[in-house]
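Topology and contacts: notes
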Protein chains: 2
Amino acid sequence: MESQRDRSNLKYFFEPASVAVFGSLREVFGLGYGMVRNLLQFGYSGKIYPVSPYHSEVMGRKAYSSVEEIADPIDAAIVITPPPTVPPIVEQCARKGVKAVIIISENFAEAGGKGVEYQQQLVEIVRRTDIRIIGPNTVGLFNAANGFLTNPYIIVHKKIRKGGIAYCSQTGYVGMAAQTWGDRIIPVSKVCDLGNKCDVDEADLLNYLADDPETKVVSMHIEDVRDGRRFMEAARKVVARKPLLLFKPGRSQEGARAAASHAGSLAGNEEVYDTAIRQVGAIRLHNWPEYWDMPRIFAYQSLPQGNRIAILTLAGGVGVAAVDTAIASGLSIARFSPATADKLRKIYPRLSNNPVDLGPILSVSDNNPFVVQEDVIAEVLNDANVDCAAISVYVGFEDLIAIIVEMFEHLKPRIAKPLALWIYGMQLPVLDEMYRQLEERGLPAYLDLESAVRALGIAARYSRIKAGHA
Amino acid sequence: MESQRDRSNLKYFFEPASVAVFGSLREVFGLGYGMVRNLLQFGYSGKIYPVSPYHSEVMGRKAYSSVEEIADPIDAAIVITPPPTVPPIVEQCARKGVKAVIIISENFAEAGGKGVEYQQQLVEIVRRTDIRIIGPNTVGLFNAANGFLTNPYIIVHKKIRKGGIAYCSQTGYVGMAAQTWGDRIIPVSKVCDLGNKCDVDEADLLNYLADDPETKVVSMHIEDVRDGRRFMEAARKVVARKPLLLFKPGRSQEGARAAASHAGSLAGNEEVYDTAIRQVGAIRLHNWPEYWDMPRIFAYQSLPQGNRIAILTLAGGVGVAAVDTAIASGLSIARFSPATADKLRKIYPRLSNNPVDLGPILSVSDNNPFVVQEDVIAEVLNDANVDCAAISVYVGFEDLIAIIVEMFEHLKPRIAKPLALWIYGMQLPVLDEMYRQLEERGLPAYLDLESAVRALGIAARYSRIKAGHA
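Here goes a summary of the coordinates provided. Everything numeric here is computed off the predicted structure, so don't read it as measured data. (Residues numbered from 1 in each chain as written. Chains lettered and ligands numbered in written order. Predicted model: local features only at pLDDT ≥ 70, side-chain atom pairs only at ≥ 80, totals over all residues. Heavy atoms only, no water.)

A closer look at the interface of chain A and chain B
Formally: Here, residues are in contact when the closest pair of their heavy atoms is within 4.5 Å. Throughout, the accessible surface (probe 1.4 Å) given up by two parts as they are put together, summed over both, is called the buried area. The term salt bridge refers to a side-chain nitrogen of Lys or Arg lying within 4 Å of a carboxyl oxygen of Asp or Glu.
In this assembly, 64 residues from chain A lie in contact with 64 residues from chain B. Across the chain A to chain B interface the summed buried area is about 4,500 Å²; carbon plus sulfur atoms make up 62%. On the chain A side of the contact with chain B, A:Val320, A:Met426 and A:Leu428 bury the most area, a combined 15% of that side's loss. Linking chain A with chain B are zero salt bridges, by the criterion used here.

Below is the structure:
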């Protein structure tokens, strides 16, 4: 009996009006308890139905002995119980009409043996019912828009900044408990670990995120692809609307073997992936730091209209490496127009080179160096030959934070092209605070100049892809 | 009149018994004042002679109107005065018998015009006297052993940890005011920015550092090489005794052009550099973060005796990328001996794979997971098939710091092979504190797993170079 419902839409996973929680409700340490606590902490306003045969209440809420006991309809269920109990629970959920189940429990296909059987039972339930499953062996998902999350662990942060980045992966490393998103005020829309992918896969997720109005950029880690054609279709759909950054480790044969043993999956041919990723217009990332750091360049700003970068440093030696990175990232080094070069030379003789070494103007004693710096940045970015800029921000002391923020506030109405900032100085807490203050104002900040430049390279690349010139 | 003194030894630069300081002695803002303040702050115990025609004292110390006025012999001078005044000052210093001058002032050859002439005058003084010069256009140097530093800027940190890393460069970015060495407790021996290299060059510096007993590893940034043969000889001398890590940006044509315009120098052919670096047994670095982060792997530990790495993670998906990095870094993935594999399987069924996924044992409820983890790490590292290990350290909460430190304290007598640790979690201050506690105990800590693996790859590479198998 096939359903008429559109199974391809993941909205019941990310936007359920009600959720049943299956897992130990033991105070503090129980993982079901943890889920309820986290749902409340992150402001999920849907109905929560804790289910456990051993408890009658949790955090002042009624607990149910089984899903049948719940009278109201239920959109989603989160399950973290021992593997043998999971298929019967999912079966009950299907009967109850639950549409989406997130299975956090591990020891399924990835563990071999009995685990393979349990996972196969899940696949069969999906096949003959309307229910859909994310997982098993996952930390599940997070929706910043409604505070819905499936994480059972203790999360220190009380909130995560709402924003445009969707992080998708096939590892718990994408879970909130492993991330500094709170301290780094990363602007997140959705997070999803697909786990063993017994049902919902990367193509489903991409289709959902392509349509998601909150998501401005998708950063996706994949270990394998289930259905190449569906994946490429979904990826194309995303790329037509927003950038898709893909990190697929397992480039080395040994890495591919490790991937195969991790997710119980077969990682495919490396060249095939590389070609497919290029063909759909996705941008390939090379390591985890890029996976976390690169999307911010798309979170707040417009796209660069070309690939000509200006690099502003406070030490000439740093600029050289930044130029190498720019070239390797597909950028070209902007040549300032004669008019701009003249104006810059009037401020200080050697300022008309690119990279621009701002260092010397800091010692021009007559003027406030930040006023001079502001003018230089504005001149450079308003040159028609410049599409974007990477700017060094030296924060030697706490007092400079406010001064630098003020400079960028003044610059806001003066410039309309994307920037990436590199923050450096002596004290980690000062750098972290400077980072936060800039990010809060929609200025992507990086802790090394190479990353700032690379991010602009990726932005320019997507700009070309979108224009059809990639 | 040629001197009999060995001009090749830089000891008067790094170990002067007395120093004259030329620069504005205006309180707080004067750069000469800054130098005196910093020398005192970092515990330099040699004699300090501030020289200025405008002040008679600084910080309670007598100031001299000229170097001639000083009766005692002077080993070194630091100069930060306007370019036209610099050649006469150096001339006076030469007459006085000063052996080493560090010229911080900028606007010499790098600025063109008159600056080129002033620099030429310095070259001529060096040619006809015994004096030697570092700079101009440099932040100069720092010697952690005696607290001698030439930095005129405000340094927030009151001390820098003494240790084995020498950072050499051709940019002020290596200056203490631009670095988190204090908060990161980086173990530093010597720091030197060569600036415009009107006299002392990279070969001189390498010769000195090869002999320096405090220096265990040299991390060097170069933009150009003055004399290829001398450089290669000096580099070989270093490599025979300690690792030499070289970062030479300017790989791209555009980067090479930027380098040429920065230091007023001509950057050479990229392939020639690459071949030369390989021939001498130095290890090439690829970006600034590597320049700062990689040397720590040599600072506390023995070298790996082979290239077989064990990777211990808490999430399988993270291990795959680490394997890619290991292979790209010249490591091989260790295969555990049958005896080790058996022991690991007894602890938990799937633990005998490499990468080892420690995640599941954290939920083995009967035992303290850190005791189990300790045993796993010890078993793995004591396997004869394993030469080194990269280990994931998850620090979700502050309380875990002490528990993790205790685990590594217990491990210390149980293992004798090099480790690199990857720290992650939710809160930046907690990560930073965990980092410090591990580094204090001689355990190199990294904030991404790829860097930890790459560091071990570099250590194994030097081990092979030293054994003559590179």
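Next comes the rest of the write-up.
Points about the pattern of salt bridges
All names here are of chain A. The line we're drawing: Helix and strand definitions follow DSSP, with helices as H or I runs of at least four residues and strands as E runs of at least two, each counted in order from the N terminus. Buried means the residue's accessible area, taken with a 1.4 Å probe over protein chains only, is under 20% of the maximum for its type, while exposed means over 50%, and partly exposed covers the values in between.
What the rule picks out here adds up to 63 salt bridges over all chains. Salt-bridge contacts for aspartate 274 lead to arginine 284; the nearest nitrogen and oxygen are separated by 2.5 Å. Of the two residues, aspartate 274 sits in helix α8 (residues 270-280) while arginine 284 sits in strand β14 (residues 283-285), which places them ten residues apart along the sequence. What makes aspartate 274 partly exposed here is its relative accessible area of 25%. On the basis of relative accessible area, arginine 284 is assigned to the buried category, the value being 10%. One connected set of salt bridges, linked through shared partners, spans Arg132, Asp199, Asp201, Asp204 and Arg230.

As for the packing of helix α15 (residues 399-411) of chain A against helix α16 (residues 428-440) of chain A
Residue and element names in this part refer to chain A. To be explicit about the condition: As a rule, the C-alpha atoms of each element are fitted with a line to give its axis, helices using only the stretch in contact, and angles between N-to-C directions run from 0 to 180 degrees. When describing relative orientation, an angle under 35 degrees is termed roughly parallel and one over 145 degrees roughly antiparallel, while 65 to 115 degrees is termed roughly perpendicular and anything else oblique. Each crossing gets its hand from how the near helix is turned against the far one by less than a right angle, where anticlockwise is left-handed and clockwise is right-handed.
One can describe the packing of α15 onto α16 by two numbers: an axis separation of 10 Å at closest approach and a directional angle of 25 degrees. Here α15 is positioned roughly parallel relative to α16, judged by the angle of their axes. Of the two elements, α15 crosses α16, and the hand of that crossing is right-handed. Residues Ile401, Ile404, Val405 and Phe408 of α15 form the contact with α16, whose own contacting residues are Val430, Glu433, Met434, Gln437 and Leu438.

Some remarks on the sheet that holds strand β5 (residues 76-80) of chain B
All names here are of chain B. How we decide: Pairing between strands is defined by DSSP: at least two bridges between the two strands are required.
Spatial strand order, β2-β1-β5-β6-β7: five strands in an open sheet with parallel pairing. Two strands bound the open sheet, and with one partner strand each, they are β2 (47-51) and β7 (132-134). Each adjacent strand pair in this sheet contributes to an overall mean axis angle of 20 degrees, direction not counted. Where β5 meets strand β6 (residues 100-103), four bridges bridge the pair, whose relative direction is parallel. Paired with alanine 76 across the strands is alanine 100, a residue of β6. Here helix α3 (residues 86-96) sits on the sheet in contact with β1 (18-23), β5, β6 and β7, set at roughly 165 degrees to β6.

Purely geometric stuff here, so don't read any function into it on its own.
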